[in-house]
Amino acid sequence: MTFTVHDLISLSPVLLIGVGILATLIIEMLVKESEKILGWFTFVLLLSVAYLSLILLDHTALVFEDKFLTGGRVNIFFFLFSFGAAVVSLLSMEYIKKAGIHFGEYYIMLLSSVLGMMLISGATDFIMIFIGLEQMSVCFYVLAGFNRRNERSLEAALKYFLLGSFATGFLVFGLGLIYGAVGSLSITEIVIGYETLKTSPLFLTGTLLFIIGFSFKIAAVPFHMWVPDVYQGAPTSVTALMSTTGKAAAFSALIIIFSPIIQAAYPSFFTPVISVLAVLSMLYGSIVAISQNDLKRMLAYSSIAHAGYMLIGLAAWNEKGVSGVIFYLVAYTFMNLAAFGLISLIEKRDLRGTEFSDYKGLGFKQPVLAGLMALTMFALSGIPPFAGFFGKYYVFLSAIEAGMTWLAIVGVISSVISVYFYLRLIVVMYFDNSDEIVMVTPSTSAMLGIMISVLLIIIMGVAPGSIINLINSTF
Amino acid sequence: MIPIEHYLFLSSFMFVTGVVGVITRRNAIVVFMSIELMLNSANLVFVTFSSYLGNVTGQLVVFFVMAVAAAEAAVGLAIIIAIFRNKLTVNLDEINILKW
Amino acid sequence: MSLESVLFYFFAAISIVTSILVISSKNPVLSALSLILNFAGLAGVYLTLYAQFIAVVQVIVYAGAIMVLFLFVIMLIRPEAERNYFQERKSFKMLTIGIGVIVLGQLMFLIISGTSMFTSGGHSEQSLEVGTVERIGWELMTSYLLPFEAIGFLLLAASIGAMVLAKKKFE
């Protein structure tokens, strides 16, 4: 027997998504005009997965011949992915009608990408990480090009696909060398042999290639070229998905690889590489974002900078850093979901209308939307008392504790720079004026999604302690 | 007996050839073929170590990488066909409304 | 020289020559055909490593299925040949190739200094038994069951996605 009923119960959030994908497929085939119900079906399915992962939070187990870990931190990631994707499905319902891509397949791809993310976050083995990452990426390639009559969307898909699979090549070659050095791809084996491995050139070369491949996926400088194009060209609801939960999934892989090594209190040889990536990403992302005129592109550069802040937590190489990164990921997910949700409402039917100039005077024409947007921008720039501030606070604190104060200082400088371009949008909304009428897509579902996200941003800003305690308790 | 370095040289050579191909070629299909070359070089690394270590994991990974490559090929070629329908070209220099 | 070494160097030479042809021929059809030959050569190399199952799958899946798909797409869209591969942006290409050679040298240096533990043995004794269909099938159905099932979902998602993107229009 390779698995038991107990294994299946522990794995039930993943299994539920799998069953959900098949159910969506069948509904899509059998029911006429299935698009109308599939959005809500996906939403309810993802919510129940999120609920299930919270119930099973204490249910830590190694299942399927030690190939998969569930419970604890893994379930926090399950919750983040499924809840984030549920909000995305709310944001998508009206948006994909407007964009002319209202097909049931959209939801199948969305659910499949969530399955991939879940497979990454519980992996105990590089094979599982690789398969999960590919499942997620393949779905993202398709989703980015989903608007297949729009040249920009297809171009984004092509660029994403070519650079993504280029990165996969590096990743697999690196894994091959790691396999040669260790004789296995299990993370436990690597942790056991860490003392001898860290001087093995084969292992170091493999790790370097692996980190190069992975930097593409988390969008760290200097492997970030695809990010602005893909975020701008892809349908906004898809950008919301891949910039938030997609990034969280890639980080969850780094966390599950590094945290056993951190817990065994081994010294790090990754720290120099990660700190360089972090510094480059923060500064480059913040500085280039200043000169952007397209809001989606600006958020793309800011997401590069945010990847840099999160890398600080990993470079700090202590448990505080890891839980700080998880907190940051949750906060970042909901901040970006709110921002992209608002953009998708204001976007025009021909998918234009994402420039700063389109937001002139929004504060008077649409006070509610502008207010929510302003709040989200404050949160993203890290102004207290919103979630973004505490995300940065925990990550910088861990760096200072690790004696890397300079890294925290660079982080603070970069966040100060970033305040400029976030506040620029607020200035445009409240102090500029234009006669152009802003058409807003009326959508209760999207408003619901935005409200949920904003509420979570505020809660995480008001009571960050209880959430960080929850994350810490899963170590 | 063939030394392991000879196998690894072959695979490193193919890997670097693939990387050079991706960077220098402008035809999306040829770029994609260069990526397949990189994936295959990685497969060779896995099979080599699997055989020299007498450990089956490497060959299983190759099996999975092949399945992933098949999935990527399906999606990638579909994207290329879709973009050809819209723009009648697959030259990467001409596909640039969004600046790189 | 044993038969095994002769076969290895023969297939390795095929792979090296064809891999260069893939990235240097102007005509994409020629590139694709070279890639098929390259995969066939690799299948031969796998045989010298006693990886029978992988060698067969390499021919059936890669050379057979994936490359046929490539050729179909090339025929379907008839991409014009890149006329002047080496004339256009010559210095950039030479620079890339130069960097490639340096990277190859570094990779080889690191790999050779890392594989000292393998120099004594050659093929391990178990390697004959490791590459069989039976052994790989057994592992797939026991310890690698979960990745195996996950791959099923990946292929499902990929086929739906390919259909969505390549279909002419939706009803």
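Conventions and cut-offs
- Residues numbered from 1 in each chain as written.
- Chains lettered and ligands numbered in written order.
- Predicted model: local features only at pLDDT ≥ 70, side-chain atom pairs only at ≥ 80, totals over all residues.
- Helix = DSSP H or I, 4+ residues; strand = E, 2+ residues; numbered from the N terminus.
- Rg over C-alpha atoms; globule rule 2.2 N^0.38 Å.
- Buried ≥ 20, exposed ≤ 12 C-beta atoms within 10 Å, placed from the backbone.
- Contact = placed C-beta atoms within 7 Å.
- Axes fitted to C-alpha atoms, helices over the stretch in contact; angles between N-to-C directions.
- Parallel < 35°, antiparallel > 145°, perpendicular 65-115°, else oblique.
- Left-handed = near helix turned anticlockwise from the far one by under 90°.
- Nonpolar A, V, L, I, M, F, W, Y, C, P; charged D, E, K, R; others polar.
- Domains from an automatic or database assignment.
- Core = buried A, V, L, I, M, F, W, Y, C linked by C-beta atoms within 7 Å.
- pLDDT = per-residue confidence, 0-100.
- Expected span 1.5 Å × (residues − 1).
- Bend = angle between axes of the 7 residues up to and from the residue.

S.K.: Can you walk me through the overall build of chain B in this structure?
M.R.: Assigned secondary structure in chain B consists of three helices and zero strands. Written out in order from the N terminus, the α and β elements of chain B read α-α-α. Taking 13 Å as the expected radius of gyration for a compact globule of 100 residues, we find that chain B reaches 17 Å, considerably beyond that expectation. Taking the principal axes of the C-alpha coordinates as reference, chain B spans close to 50 × 25 × 20 Å. Counting only residues that meet the buried cut, chain B has 74% of its 100 residues in that class. Restricting the contact set of chain B to residue pairs at least 6 apart, pairs at least 24 apart contribute 42%.

S.K.: I tried to follow the overall build of chain C on my own but got confused; where do I start?
M.R.: Secondary structure assignment for chain C yields seven helices and zero strands. When its helices and strands are written in sequence order, chain C yields α-α-α-α-α-α-α. In chain C, which comprises 171 residues, the proportion classed as buried is 35%. Taking as baseline every contact in chain C between residues at least 6 positions apart, the subset at least 24 positions apart corresponds to 60%.

S.K.: Can you help me understand the packing of helix 1 (residues 4-24) of chain B against helix 2 (residues 28-53) of chain B in this one?
M.R.: A pair of packed helices is captured by two measures, namely the crossing angle of their axes and the spacing between those axes. All names here are of chain B. Look at helix 1 against helix 2: their axes get within 8 Å of each other, and the N-to-C directions meet at 165°. By the angle class used here, helix 1 and helix 2 are roughly antiparallel. Here helix 1 runs over helix 2; the crossing is left-handed. Between helix 1 and helix 2, the contacting residues are Ile-4, Tyr-7, Leu-8, Leu-10, Ser-11, Met-14, Phe-15, Thr-17, Gly-18, Val-19, Gly-21 and Val-22 on the first element and Val-30, Val-31, Ser-34, Ile-35, Leu-37, Met-38, Asn-40, Ser-41, Leu-44, Val-45, Thr-48 and Tyr-52 on the second. Taken together, the residues of the contact of helix 1 with helix 2 sort by class into 16 nonpolar, eight polar and no charged.

S.K.: What is the right way to read the interface of chain B and chain C from this model?
M.R.: By a frequent convention, interface size equals the accessible area lost on bringing the separate parts together. Contacts between chain B and chain C engage 60 residues on the former and 71 residues on the latter. Those elements that place two or more of their residues in the side of chain B that touches chain C are helix 1, helix 2 and helix 3 (57-87) of chain B. Here the element with the most residues in the side of chain B that touches chain C is helix 3 of chain B; it accounts for 21 residues.

S.K.: Looking at this structure, how should I read the interface of chain B and chain A?
M.R.: Counting residues at the interface gives 35 residues for chain B and 33 residues for chain A. Among the secondary structure elements, those contributing two or more residues to the side of chain B that touches chain A are helix 1, helix 2 and helix 3 of chain B. Sorting elements by how many residues they give to the side of chain B that touches chain A places helix 3 of chain B first, with 15 residues. Looking at the side of chain B that touches chain A, its residues break down into 26 nonpolar, seven polar and two charged.

S.K.: Looking at this structure, how should I read the domain arrangement of chain C?
M.R.: Residue and element names in this part refer to chain C. Split by domain assignment, chain C resolves into domain 1 (3-114 + 125-131) and domain 2 (132-171). One C-alpha centre belongs to domain 1, the other to domain 2, and the line joining them spans 25 Å. Listed per partner, the contact involves five residues of domain 1 and four residues of domain 2. Elements supplying a minimum of two residues to the side of domain 1 that touches domain 2: helix 3 (52-77) and helix 5 (127-130). Of the residues assigned to the side of domain 1 that touches domain 2, the class counts are two nonpolar, two polar and one charged.

S.K.: Honestly, the nonpolar core in this entry has me stumped. Any pointers?
M.R.: Nonpolar side chains in soluble globular proteins generally cluster together in the buried interior. Judged by nonpolar contacts, the single largest core of 284 residues is most densely connected at Ala-315 of chain A, Val-75 and Ile-79 of chain B together with Leu-154 of chain C. There are two domains that each give this core at least three residues, and those are domain 1 (3-114 + 125-131) and domain 2 (132-171) of chain C.

S.K.: What exactly am I supposed to notice about unusual backbone geometry here?
M.R.: The phi torsion of most residues other than glycine is negative, and most of the peptide bonds are trans. Residues and elements named next belong to chain A. Here the amide bond leading from Val-221 into Pro-222 is cis, since omega sits at 5°, within 30 degrees of zero. One can find Pro-222 in the loop between helix 10 (201-218) and helix 11 (226-233). With omega at 5°, the peptide bond leading from Pro-384 into Pro-385 counts as cis. Its identity is not glycine, yet Glu-33 carries a phi of approximately 50°, on the positive side. Tracing the chain through its elements places Glu-33 in the loop between helix 2 (12-30) and helix 3 (35-55). The phi torsion at Trp-317 lies on the positive side, around 60°, for a residue other than glycine. With respect to the helices and strands, Trp-317 occurs in the loop between helix 14 (295-315) and helix 15 (319-346). For Trp-317, a count of 22 C-beta atoms within 10 Å corresponds to the buried category.

S.K.: Looking at this model, I keep getting lost on the environment of Thr-236 of chain A. Mind explaining?
M.R.: Residue and element names in this part refer to chain A. Its place among the elements puts Thr-236 in helix 12 (residues 236-263). With 27 C-beta atoms counted inside 10 Å, the residue Thr-236 sits in the buried group. Ignoring anything within four residues of it in the chain, the contact list for Thr-236 reads Tyr-95, Lys-296, Phe-340, Ile-343, Ser-344 and Glu-347.

S.K.: What should I look at first to understand the confidence of the model for chain C in this one?
M.R.: Caution applies to low-pLDDT regions: their predicted coordinates should not be interpreted in detail. Chain-level pLDDT for chain C is 85 on average; 86% of the residues reach the 70-or-more range. Here the predicted complex scores 0.94 on pTM and 0.95 on ipTM.

S.K.: Mind showing me how you'd approach helix 3 of chain C here?
M.R.: Count 3.6 residues to each turn of an α-helix, and residues three or four apart come out pointing the same way. Between its first and last C-alpha atoms helix 3 of chain C spans 36 Å; for 26 residues at 1.5 Å apiece the expected length is 38 Å, and the two agree. If you look at helix 3 of chain C, its biggest bend is around 30°, right at Met-67 of chain C. Among all positions in helix 3 of chain C, only Ile-54, Ala-55, Val-57, Gln-58, Tyr-62, Ile-66, Met-67, Phe-70, Val-73 and Ile-74 of chain C are buried. Buried-residue contacts for helix 3 of chain C involve helix 2 and helix 3 of chain B together with helix 2 (28-48) of chain C. Arg-78 of chain C sits one or two residues past helix 3 of chain C and shows a positive phi near 40°.

S.K.: Would you explain the environment of Ile-255 of chain A in this entry?
M.R.: All names here are of chain A. Considering the arrangement of structural elements, one finds Ile-255 in helix 12. In this structure, the C-alpha to C-alpha distance between Ile-255 and Leu-133, residues 122 residues apart in sequence, is 14 Å. Not counting the four nearest positions on each side in its chain, Ile-255 is found in contact with Val-322 and Val-325.

S.K.: Any chance you could explain helix 10 of chain A here in plain terms?
M.R.: All names here are of chain A. Compared with the 26 Å implied by 1.5 Å per residue over 18 residues, the 25 Å span of helix 10 between its first and last C-alpha is a close match. Of all 18 residues in helix 10, 13 are buried; the element is thus mostly enclosed. One or two positions beyond helix 10, positive phi appears at Ala-219, with a value near 65°.

S.K.: Just to check I follow, could you spell out the packing of helix 17 (residues 367-381) of chain A against helix 20 (residues 444-462) of chain A for this structure?
M.R.: Residue and element names in this part refer to chain A. Contact geometry of helix 17 with helix 20 gives a least axis separation of 11 Å together with a crossing angle of 40°. As far as their axial angle goes, helix 20 and helix 17 are oblique. The interaxial crossing formed by helix 17 with helix 20 has left-handed handedness. Contacts from Leu-372, Leu-375, Thr-376 and Ala-379 in helix 17 reach Ile-450, Val-454 and Ile-457 in helix 20. For the contact of helix 17 with helix 20, a count of residues per class yields six nonpolar, one polar and no charged.

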